[in-house]
Amino acid sequence: MSRFATLLLDLDGTLVDAFTTIHRSYTHVLPEFGRPAPTSAQVRRAVGGGLENAMRHFLPEELIAEGVRRHIAHTDSILLEDVKLMPGAMELLRDQHATGTALAAFTNKRGDHSRLICQHLGVTPFLRGIFGAKDTPWLKPQPEFAAHVLHELGAHAKTTLLIGDSPFDVQAAHHGGFACWCVTTGTHDAAQLSAAGAAGVFADLFAVQAALAQ
C-alpha cells in the first residue's frame, strides 16, 4: 500500500509525450511573425509555465496574445495526431488505481486540451480530476491552484505526492505543502530537478512505480 493517498500527475513530459505536437505548433506559428522556426530543444526549454509564459521566449509582449491565439488554433487541428503516453504511464495508473489511490492530472496545459488527450489515450477512467490552465484563474506554481485541487479532491497535503518534470512542479508542491518527485523524461535533467528541491528524481515512471511500491 502506497504511503500516499493522492497522486497528482503533471501531463507534458511526465504522463504524456506531447512535445511533437507542441513543437509543430511553434514551427507553424512563429514564421507567421517573421521569426525562425524553433528547434525542438528550444521549445522544450520554454514550456512548463503555461502557454503565455512559453511564448515570451519567442515573441515580444505586444505579440503574445495573438501568438497564443494562433498557437491554440493550430494545436486544436493536430492535438491528437502525435500525442502518446510516456513509458510506464499506463502501468503506474492501473496499479495505483487498483490500490485505491486517488489520481488526478495537475497541469499547466490547457484544461480542455488536457481532457481531450486523456480521453484519447484511455487514462480518464483512472483519474478523479483533470485540472489545467484556464480551468481556474491560476497556474502552477501559484499556491491557490494547488489549494483548489486538494479541495476539489478532498485530499490532504501530508498524504499527497506530485509527480512532475520541472521546477514549476517542485515549486507548486512546496507552495501546496506536499511532496514532489520528478522524472527526467521532460524539460529538465536530474541535476536541475534536484537543485530545485525535488524530494526524489527518477529516470522514468517505471522507476517511480518501483519506489511507490517500497
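As a reminder, the structure under discussion sits directly above these lines.
Residues numbered from 1 in each chain as written. Predicted model: local features only at pLDDT ≥ 70, side-chain atom pairs only at ≥ 80, totals over all residues. Heavy atoms only, no water.

Visitor: Where do I start with the packing of helix α1 (residues 19-29) against helix α4 (residues 61-78) in this structure?
Guide: When two helices pack together, their arrangement is captured by the angle between the axes and the distance separating the axes. Across the interface, α1 lies against α4 with an axial gap of 9 Å and an inter-helix angle of 130 degrees. Taken together, the axes of α1 and α4 lie oblique to each other. The chirality of how α1 crosses α4 is right-handed. Across from T21, I22, R24, S25, Y26, H28 and V29 in α1, the residues of α4 making contact are G67, R70, H71, H74, T75 and I78. Of the residues in the contact of α1 with α4, the class split is 4 nonpolar, 7 polar and 2 charged. (Axes fitted to C-alpha atoms, helices over the stretch in contact; angles between N-to-C directions. Helix = DSSP H or I, 4+ residues; strand = E, 2+ residues; numbered from the N terminus. Parallel < 35°, antiparallel > 145°, perpendicular 65-115°, else oblique. Left-handed = near helix turned anticlockwise from the far one by under 90°. Contact = heavy atoms within 4.5 Å. Nonpolar A, V, L, I, M, F, W, Y, C, P; charged D, E, K, R; others polar.)

Visitor: Got a minute to help me understand helix α7 (residues 143-153) in this structure?
Guide: Within an α-helix, residues lying three or four positions from one another point in the same direction, as the helix has 3.6 residues per turn. Taken together, the buried positions of α7 are occupied by F145, A146, V149, L150 and L153. With its buried residues spanning 130 degrees around the axis, α7 presents them on a single face. The elements touched by buried residues of α7 are β1 (6-9), β4 (102-110), β5 (129-133), β6 (160-164) and α8 (167-176). At the C-terminal side of α7, G154 shows a positive phi close to 65 degrees. (Buried < 20%, exposed > 50% of the residue type's maximum accessible area, 1.4 Å probe, protein only. Arc of directions from axis to C-beta.)

Visitor: So what exactly am I meant to see when it comes to the pattern of salt bridges here?
Guide: Pairs can form between side chains of opposite charge whenever their charged atoms are close. With the rule as written, the count across this model stands at 12 salt bridges. The partner of K140 in a salt bridge is D10, and the shortest N-O contact between them spans 2.9 Å. Within this pair, whereas K140 is found in the loop between β5 and α7, its partner D10 is found in the loop between β1 and β2 (16-17), the two being separated by 130 residues in sequence. You can call K140 buried: its relative accessible area is 3%. For R24, the salt bridge is made with D82, and the minimal N-O distance between the two is 2.5 Å. Here D82 lies in the loop between α4 and β3 (84-85) and R24 lies in helix α1, a separation of 58 residues in the sequence. Each of E32, E66, R69 and R70 takes part in a single network of salt bridges with overlapping partners. (Salt bridge = Lys/Arg side-chain N within 4 Å of Asp/Glu carboxyl O.)

Visitor: Honestly, the sheet that holds β1 in this entry has me stumped. Any pointers?
Guide: What links the strands of a sheet is backbone hydrogen bonding, and the strands pair in either a parallel or an antiparallel sense. The strand order across the open sheet built from 6 strands is β5-β4-β1-β6-β7-β8, with neighbouring strands paired in parallel fashion. The sheet is open, and its two borders are formed by β5 and β8 (200-202), each paired with just one other strand. Direction aside, neighbouring strands of the sheet carry axes that sit 20 degrees apart on average. The sheet contact formed by β4 and β5 spans 4 bridges and is parallel. Considered in β5, the bridge of F106 is made with F131. Strands β1 and β4 of the sheet are contacted by helix α5 (residues 89-98), whose axis makes an angle of about 160 degrees with β1. In this fold helix α10 (residues 205-212) packs onto β1, β6, β7 (179-183) and β8, with an angle of close to 145 degrees to the strand it touches most, β7. (Pairing = 2+ DSSP bridges.)

Visitor: Please explain α1 as it appears in this structure.
Guide: Taken together, the buried positions of α1 are F19, T21, I22, S25, Y26 and V29. Along the axis of α1, the buried residues cluster in a sector spanning 165 degrees; they form a single face. Where α1 is buried, its residues meet β2, α2 (40-46), α3 (51-55), α4 and β4.

Visitor: Honestly, the packing of aromatic side chains in this entry has me stumped. Any pointers?
Guide: One pair of aromatic rings is described through two measures. These are the centre distance and the angle between the planes. Per the counting criterion, the structure on display carries 4 aromatic pairs. With a centroid separation of 5.8 Å and 90 degrees between ring planes, the pair formed by F4 and W181 is classed as edge-to-face. On the criterion of sequence distance, the pair formed by F4 in the segment before β1 and W181 in strand β7 is long-range, its members being 177 residues apart. The class for F4 is buried, based on a relative accessible area of 10%. When the centroid spacing of 5.1 Å and the interplanar angle of 45 degrees are considered together, the rings of W181 and F202 count as tilted. Here the residue W181 occupies a position in strand β7, and F202 occupies one in strand β8, the gap between them amounting to 21 residues. Comparing W181 with F202, the two get one shared label, buried. Here a set of aromatic residues connected by ring pairs shows up, and it is made of F4, W181 and F202. Taking NZ or CZ as reference, R44 lies 3.8 Å from the ring centre of F19, over its face. A cation over a ring is seen here: K140 above F106, with NZ or CZ 5.2 Å from the ring centre. (Phe/Tyr/Trp six-rings, centres within 6.5 Å; stacked < 30°, edge-to-face > 60°. Lys NZ or Arg CZ within 6 Å of the ring centre and 35° of its normal.)

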